[in-house]
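Structural features, examined
Residue-level listing of the chains:
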Amino acid sequence: MPAVSKGDGMRGLAVFISDIRNCKSKEAEIKRINKELANIRSKFKGDKALDGYSKKKYVCKLLFIFLLGHDIDFGHMEAVNLLSSNKYTEKQIGYLFISVLVNSNSDLISLINNAIKNDLSSRNPTFMNLALHCIANVGSREMAEAFAAEVPRILVAGDTMDSVKQSAALCLLRLNRTSPDLVLMGEWTARVVHLLNDQHLGVVTAATSLITTLAQKSPEDFKTSVSLAVARLSRIVSSASTDLQDYTYYFVAAPWLSVKLLRLLQCYPPPEDGAIRGRLTECLETILNKAQEPPKSKKVQHSNAKNAVLFEAISLIIHHDSEPTLLVRACNQLGQFLQHRETNLRYLALESMCTLASSEFSHEAVKTHIETVINALKSERDVSVRQRAVDLLYAMCDRSNAKQIVAEMLSYLETADYSIREEIVLKVAILAEKYAVDYTWYVDTILNLIRFAGDYVSDEVWYRVIQIVINRDEVQGYAAKTVFEALQAPACHENLVKVGGYILGEFGNLIAGDSRSSPLIQFDLLHSKFHLCSVPTRALLLSAYIKFINLFPEVKGTIQEVLRSDSQLRNADVELQQRAVEYLRLSSIASTDILATVLEEMPPFPERESSILAKLKRKKGPGNLHPDLDENRKERSANGGTADHSSTTSNAKVLLLSCCLLIRASYFCPFSVYISYFLQNLGE
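These numbers were taken from a predicted model, which means no experiment stands behind them.

Re the pattern of salt bridges
Under the criterion given, the structure shown has 27 salt bridges. One salt bridge connects Glu364 with Lys367, and the closest N-O pair in it is separated by 3.4 Å. Taken together, the residues Glu364 and Lys367, both in helix α19 (residues 363-367) and three residues apart, mark about one turn of the helix. Within this structure, Asp19, Arg32, Glu36 and Lys61 form a network of salt bridges that share partners.

Describing a negative patch on the surface
Judged by side-chain charge, Asp438, Asp473, Glu474 and Glu601 come together as a negatively charged surface patch. Along the chain, Glu474 falls in helix α26 (residues 473-487).

Observations concerning the confidence of the model for the chain
As a general rule, the predicted coordinates of low-pLDDT regions are not to be interpreted in detail. Taken as a whole, the chain shows an average pLDDT of 85; of its residues, 88% reach a score of 70 or greater. Within the chain, the lowest mean pLDDT, 34, falls on helix α35 (residues 626-643), and the highest, 96, falls on helix α14 (residues 255-265). The low-confidence segment residues 3-7 (pLDDT under 50) makes two contacts with residues lying over four places distant or belonging to another chain. Within the model, pLDDT remains below 50 along residues 620-684, and this stretch shows 110 contacts once partners closer than five positions in the same chain are excluded.

Here we look at the packing of aromatic side chains
Under the counting rule described, the total for this entry stands at 12 aromatic pairs. Residues Phe16 and Phe64 carry aromatic rings whose centres are separated by 6.0 Å and whose planes lie at 85° to one another, so their mutual orientation is edge-to-face. Separated by 48 residues along the polypeptide, Phe16 in helix α1 (residues 11-21) and Phe64 in helix α3 (residues 52-67) bring together distant segments of the chain. Each residue in the set Phe44, Tyr58 and Phe74 is aromatic and connected to the rest through ring pairs, giving one cluster. A cation over an aromatic ring shows up here: Arg41 above the ring of Phe74, its NZ or CZ 4.1 Å from the ring centre.

Some details on a nonpolar patch on the surface
Together, Leu67, Leu96 and Val100 give the surface a local cluster of nonpolar side chains, amounting to about 260 Å² of exposed area. Within the secondary structure, Val100 sits in helix α5 (residues 88-101).

Quick look at the environment of Gln266
In this fold, Gln266 is placed in the loop between α14 and α15 (274-292). For the pair Gln266 and Gln216, spaced 50 residues apart in sequence, the C-alpha separation works out to 9.7 Å. Excluding its chain neighbours within four sequence positions, the residues that come into contact with Gln266 are Glu312, Ser315, Leu316 and His319. Within the structure, the side chain of Gln266 is placed 2.9 Å from the side chain of Glu312, a separation counted as a polar contact.

Points about helix α32 (residues 574-589)
Counted at 1.5 Å a residue, the expected span for α32 with its 16 residues is 22 Å, and the 22 Å between its end C-alpha atoms agrees. Of all the positions in α32, only Glu575, Leu576, Arg579, Ala580, Glu582, Tyr583, Leu584, Leu586 and Ser587 are classed as buried. The distance from a side-chain oxygen at the start of α32 to the backbone nitrogen of Glu575 is 3.1 Å, and the residue carrying that oxygen is Asp573.

Conventions adopted
Residues numbered from 1 in each chain as written. Predicted model: local features only at pLDDT ≥ 70, side-chain atom pairs only at ≥ 80, totals over all residues. Heavy atoms only, no water. Salt bridge = Lys/Arg side-chain N within 4 Å of Asp/Glu carboxyl O. Helix = DSSP H or I, 4+ residues; strand = E, 2+ residues; numbered from the N terminus. Patch = residues over 30% accessible without salt bridge, like charges linked within 9 Å, V, L, I, M, F, W, Y side chains within 5 Å. Areas by Shrake-Rupley, 256 points an atom, 1.4 Å probe, with all protein chains shown as cover. Lys, Arg positive; Asp, Glu negative; His and termini not counted. Charge placed at Lys NZ, Arg CZ, Asp CG, Glu CD. pLDDT = per-residue confidence, 0-100. Contact = heavy atoms within 4.5 Å. Phe/Tyr/Trp six-rings, centres within 6.5 Å; stacked < 30°, edge-to-face > 60°. Lys NZ or Arg CZ within 6 Å of the ring centre and 35° of its normal. Polar contact = N/O pair within 3.5 Å; in protein donor to acceptor, adjacent residues only side chain to side chain. Expected span 1.5 Å × (residues − 1). Buried < 20%, exposed > 50% of the residue type's maximum accessible area, 1.4 Å probe, protein only.

See the structure below:
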């Protein structure tokens, strides 16, 4: 950068800034700014032509006023005029003003583009850098259209200075991000890739950033960069810090370039060429070996630079997922960081090990650190680190350690931060289902989830446990017994009441032989929760009651009394009132055979992917599973509706009405959804 002469200090600007700082109130500041704006406007409109210094000073004042939060609606042309100056400081202020205040819709864009073209063709490296910086800062589509073809030519030209090449590479990177369809390398591709061999490491660093972005868009076009990146990385990691003295940061050779090269290599699979692949493996081994060496400095900058390269190397090892030895070594290295005093390192180690846990080569190595991870879950102060510990436990879980991990996550759930409780609930539910050898353990786990974090148990979770219980005969009796015992607690979460109402309504007969869980006791237990529940849960319980009439005729009178009460028949909620009326009428006029047909046990659900897993993937709010459940009930009700079609007209009408009730016995659907269906069939 050219030296700034003493006269470029702009004393008037310094005085104005001092006046603003000395203002005692906002009103005084606005008054001083308005006075200055009036003065600048008069100078620009005056008959006397301003010299370059004055224009620069006034444009600087306008820029300062804008940065204070005030609108500037003049002075743009004066800033554009500064671009034609041959003085660096004047041209710099002009470009600065344009970069900050001129938008892409300005009428001055064509004039600005002409000035930029003149500077790019001037071959003055200082002016070329200013022009390239302006293009990158504005980054508009108009500028991309004007210079997307010119900048690559400057980048690969043999006579372009290194500093200009750096600016050109970063300018192209910016244009590619704002207008990727306009940045077409075409014939320049090979020459841009060859910049990885440039002698100037600053050029290589800028070019690597550009190539990485372009390779993500067109990997095949830049495939040749792999061999050059490996060669450059090899030279860096094998060199001593004194060999790259200008690019050594606290005894770490070119850490930023190393990180960028490793990221570039993550755009591609492992090299097919054996020599290149072997050389890359040597580089990665060298980086892992250096991580084991005693630190050459106690300053944090040294460890930060060293660990930055290490973690990026581990990311590349994980990305390739082809070298078992390197994967295990990476896992062991990360394991050392799990108990490091630096929180950021613990976080990064847990995050990287989550990815390692998915590899067949390193999964067992990750599992060896389970006790350390569990300890982090219990004792870590930082909530983000605890969240990563939960993620890692979830990733390393398999049949051999599922019960231990689920137990630890359940234990942690009682004191977990509210922000991560729902995610923990989803993960526990998924693990319990995925690795359940004995489904009694699965039922216990879900009920514990509801006890510990009922507010965070979404509908998907308790829908899923009901699906599994219905589909597996061997667990139905145990589920009925367990929820019956759970409901005896003085305070039960509403989700537990929902599960209990559904399961006892379907399988309460399996435990009715025990005098401690007789039909009447089951009904009294459910009804004791009725007044504490929301309307949807009360509707579900009413459906459970009509199921009880079919399962236990001896409690029919008791249940009819409940349905006949004013609190039900005259309920302010239409849904509850309709259910009470319909269920009371059904229980009064339908024969035992019709009740048995309409209210028979739910059929098995078709097997499908767990909606809990889908929700965890989406990471969104509670979804809605019951449309799928309703569809299954519709199919069953249709079959039930045609079963007694040959019976009397009266019974047929009752049966059709009961079919509608049966659909609603899924506990989730309002009557209005199916009323048209009922009327249509009643007419037939």
